[in-house]
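Report on the structure
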Amino acid sequence: VEMVVGILAILKAGGAYVPLDPDYPEARLSYMLQDAAVAVVLSSSVLAASLPLGDAVCLDSAAVQAALASEPVENPVVADLTSEHLAYVIYTSGSTGQPKGVMVEHRALVNRIDWMDRTYGCTAEDRILQKTPFSFDVSVWEFVWPLSRGAVLVLARAGGHKDPS
């Protein structure tokens, strides 16, 4: 749940997020952080302690929870944000060498969500299963589409995407 909150917070603040899969080797994570010039890492206490994340902001820490509780609930006003700004950067598998970051702009994400709406439709009465690992680009659509339409986002358990039942 903290991951979904973190992704939405980054997008609402006008930032771009880079998903870091905790199952990736430490060298790959370090490379991605450096290559993307990540300014802030949002994490959980457990993951931050076991990964090369540097000074991560742990969303589940008491201090962060207290700080967030005092923040306004209205959407932040982000000046000068355009559809050409990045929404997220997804790294390729790196099967041919070093992984490469694929930069996706807000307009591409909006276009995809618009296509999904026209093709499948999504309303506040729907329940959408989020099953794709968040380091894969399909996960972005699984997060953003239902939440932007008021639908219920159902999170599969960790590793659940590997269990066909």
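Further up the page is the structure itself.
Here goes a summary of the coordinates provided. For clarity, every value in this text was computed on a predicted model and none was experimentally measured.

Comments concerning the packing of helix 1 (residues 2–12) against helix 6 (residues 138–148)
Here helix 1 crosses helix 6 at 75°, and the two axes come no closer than 11 Å. Relative to helix 6, the element helix 1 is oriented roughly perpendicular. For the pair helix 1 and helix 6, contact is made by Met3, Val4, Ile7, Leu8 and Leu11 and by Phe143, Val144 and Leu147, respectively. Looking at the contact of helix 1 with helix 6 residue by residue, the class counts come to 8 nonpolar, no polar and no charged.

What about the layout of surface pockets?
Roughly 320 Å³ of volume is contained in the second largest pocket. Lining of the second largest pocket is provided by 15 residues; of these, Leu8, Leu11, Leu109, Val144 and Ser148 occupy positions nearest its centre. Contributions of two or more residues to the lining of the second largest pocket are made by helix 1, helix 5 (106–119) and helix 6. Looking at which element gives the most residues to the lining of the second largest pocket, the answer is helix 5, with 5 residues. Each residue belonging to the lining of the second largest pocket can be placed in one class, and the counts come to 9 nonpolar, 3 polar and 3 charged.

The rules behind these values
- Residues numbered from 1 in each chain as written.
- Predicted model: local features only at pLDDT ≥ 70, side-chain atom pairs only at ≥ 80, totals over all residues.
- Heavy atoms only, no water.
- Axes fitted to C-alpha atoms, helices over the stretch in contact; angles between N-to-C directions.
- Helix = DSSP H or I, 4+ residues; strand = E, 2+ residues; numbered from the N terminus.
- Parallel < 35°, antiparallel > 145°, perpendicular 65-115°, else oblique.
- Contact = heavy atoms within 4.5 Å.
- Nonpolar A, V, L, I, M, F, W, Y, C, P; charged D, E, K, R; others polar.
- 1 Å grid on protein atoms, 1.4 Å probe; cavity = no way out; pocket = protein on both sides within 12 Å on 5 of 7 lines; lining within 4 Å.
- Points joined across faces, edges and corners; volume = space filled by probe spheres on them.

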